[in-house]
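Coordinates in review
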Amino acid sequence: MTHPPGARDRFEAIYNAYYPAIHQYAARRTGSPEDTADVMSETFLTAWRRIADVPEGETALLWLYGVARRVLANQRRGQSRRAGLAERLRDESSVTRASGPDGLDHVRVAFDGLSARDRDVLALACWEGLTGPEIGRVLGCTATAARIRLHRARGRLARALGLTEEDQAVAELRGESL
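A brief structural summary. Not measured: the values here are computed from a predicted model. (Residues numbered from 1 in each chain as written. Predicted model: local features only at pLDDT ≥ 70, side-chain atom pairs only at ≥ 80, totals over all residues. Heavy atoms only, no water.)

What to know about the overall build of the protein chain
Which entries qualify depends on this criterion: Comment: elements are numbered from the N terminus, with helices defined as DSSP H or I runs of at least four residues and strands as E runs of at least two. Classification of residues uses two cut-offs on accessible area relative to the type maximum, computed with a 1.4 Å probe and protein chains only: under 20% is buried, over 50% is exposed, and between them is partly exposed. The contact criterion used throughout is that any non-hydrogen atoms of two residues lie within 4.5 Å. Calculation of accessible area relied on Shrake-Rupley with a 1.4 Å probe; when residues are assessed, cover is drawn exclusively from the protein chains displayed.
Regarding its fold elements, the protein chain presents 8 helices and 0 strands. Counting across all 178 residues of the protein chain, residues that qualify as buried make up 30%. Partitioning the contacts of the protein chain with sequence separation of at least 6, the portion at a separation of at least 24 is 55%. Element-wise, carbon and sulfur atoms account for 53% of the exposed surface of the protein chain, whose accessible area totals about 11,900 Å².

This is the structure:
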C-alpha cells in the first residue's frame, strides 16, 4: 500500500494528539488491558491504512471514535461467537462422553484433572499422533523440552490413574503410551 507524501507525519500527529482520548474510550469499554490494547492497535491500524480518509482537525478524533466503536462491536461479536462455540463444544463433549464405552470414565476423569499444559501435550502426542520434534514446533519449544514435558505429563497421568512405576514400564515395553 502506497501512501501519499507526508502520510507518516500526519499519522504520527493524529496518533500523538488522540491516543490518550481513544485509549480512555477503549479502556472504559473493555474488560482487560489486553482487550484495550487490541482495540487501540486495530483502531490506529485502520487510521494508518485509511489515512487519506481521516478528516482534518478535531473531526479526526470523532472519526477515530467511530472506528474504535466498530472495533469494539467486532470484538464483542467475536467474544459472543467464541462463547457460543465453547458452550456447543462442551455440550457435544458431554454427550460424547456420556455415550462413550464403559470402563474409560476413570481415564477421562484422570485426564480432565491434569493441568491444561499436560492435557495439551498428551493430546498432541496421543490424539494427533505428533512426534517430540513436531510437538516442540507446535508449542514453540525444543524437541527435547517437548519430550520432557510429554514424559512428565504421562507420569502425572499414570499417577492419577493409580498406576505404579512397574505398570508404566511394562506399558512402555509393549509400545503403549499413556
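Now that the structure has been shown, the text picks up again.
Some thoughts on the packing of helix 1 (residues 7-29) against helix 2 (residues 33-49)
The test is simple: Note on definitions: angles span 0 to 180 degrees between N-to-C directions of axes, and those axes are lines fitted to C-alpha atoms, for helices only across the stretch in contact. Should an angle fall under 35 degrees it is taken as roughly parallel, and over 145 as roughly antiparallel, whereas 65 to 115 is taken as roughly perpendicular and any remaining angle as oblique. Note on convention: near helix rotated counterclockwise from far helix by under a right angle means a left-handed crossing. Clockwise means right-handed.
Running from N to C, helix 1 and helix 2 point in directions that differ by 150 degrees, and their axes come no closer than 10 Å. With respect to each other, helix 1 and helix 2 are oriented roughly antiparallel. Helix-helix and strand crossings are classified by hand; for helix 1 and helix 2 the assignment is right-handed. The segment helix 1 lies against helix 2, with A7, R8, F11, Y15, Y18, Y19, I22, H23, A26 and A27 engaging T36, V39, M40, T43, F44, A47 and W48.

A closer look at helix 1
Condition: Axes are fitted to the seven residues ending at a residue and to the seven starting at it; the angle between these axes is taken as the bend at that residue.
Of all bends in helix 1, the biggest is about 55 degrees, found at Y18, and the proline P20 comes one to four residues later. All of the buried residues in helix 1 are A7, R10, F11, I14, Y18, I22, Y25 and A26.

Brief notes about the packing of helix 6 (residues 132-139) against helix 7 (residues 143-160)
In plain terms, the rule: Think of it as three bins: nonpolar holds Ala, Val, Leu, Ile, Met, Phe, Trp, Tyr, Cys and Pro, charged holds Asp, Glu, Lys and Arg, and polar takes everything else, Gly as well.
Contact geometry for helix 6 and helix 7: axes closest at 7 Å, N-to-C directions at 100 degrees. Considering the angle they form, helix 6 stands roughly perpendicular to helix 7. Contact residues: G132, P133, I135, G136 and L139 in helix 6; A143, A146, R147, R149 and L150 in helix 7. Looking at the contact of helix 6 with helix 7, its residues break down into 6 nonpolar, 2 polar and 2 charged.

Let's talk about the packing of aromatic side chains
Here is the rule: For this analysis, a ring pair means two rings from Phe, Tyr or Trp (six-membered ring only for Trp) whose centres lie within 6.5 Å, classed as stacked if their planes differ by under 30 degrees, edge-to-face if by over 60, and tilted for the remaining angles.
Counted by the stated rule, this structure contains 8 aromatic pairs. Judged by centre distance (5.1 Å) and plane angle (50 degrees), the rings of Y25 and Y65 are tilted. A residue pair is termed long-range when its members are at least 10 positions apart, and Y25 in helix 1 and Y65 in helix 3 (residues 59-98) qualify at 40 residues. Residue class for Y65 comes out partly exposed when judged on its relative accessible area of 25%. One aromatic cluster is present, built from ring pairs that chain together F11, Y15, Y19, F44 and W48.

Points about the environment of G57
Checked against the element boundaries, G57 lands in the loop between helix 2 and helix 3. Between the alpha carbons of G57 and I14 there is a distance of 9.0 Å; along the sequence they are 43 residues apart.

What about the environment of H3?
Mapped onto the secondary structure, H3 falls in the segment before helix 1. With 48 residues separating them along the chain, H3 and I51 place their C-alpha atoms 8.0 Å apart. Not counting residues up to four positions away in its chain, the partners in contact with H3 are W48, R49 and I51.

Observations concerning the pattern of salt bridges
For clarity, the threshold we go by: Salt bridges are defined by distance alone: a side-chain nitrogen of Lys or Arg within 4 Å of a carboxyl oxygen of Asp or Glu.
Taken as a whole and assessed by the stated rule, the structure comprises 5 salt bridges. Between E56 and R10 there is a salt bridge, with its nearest N and O atoms 3.3 Å apart. Here R10 lies in helix 1 and E56 lies in the loop between helix 2 and helix 3, a separation of 46 residues in the sequence. For E56, a relative accessible area of 61% gives the class exposed. One salt bridge connects R156 with D118, and the closest N-O pair in it is separated by 2.5 Å. Separated by 38 residues along the polypeptide, R156 in helix 7 and D118 in helix 5 (residues 116-126) bring together distant segments of the chain. With relative accessibility at 35%, the residue R156 sits in the partly exposed group. D118 sits in the buried class, given a relative accessible area of 5%.

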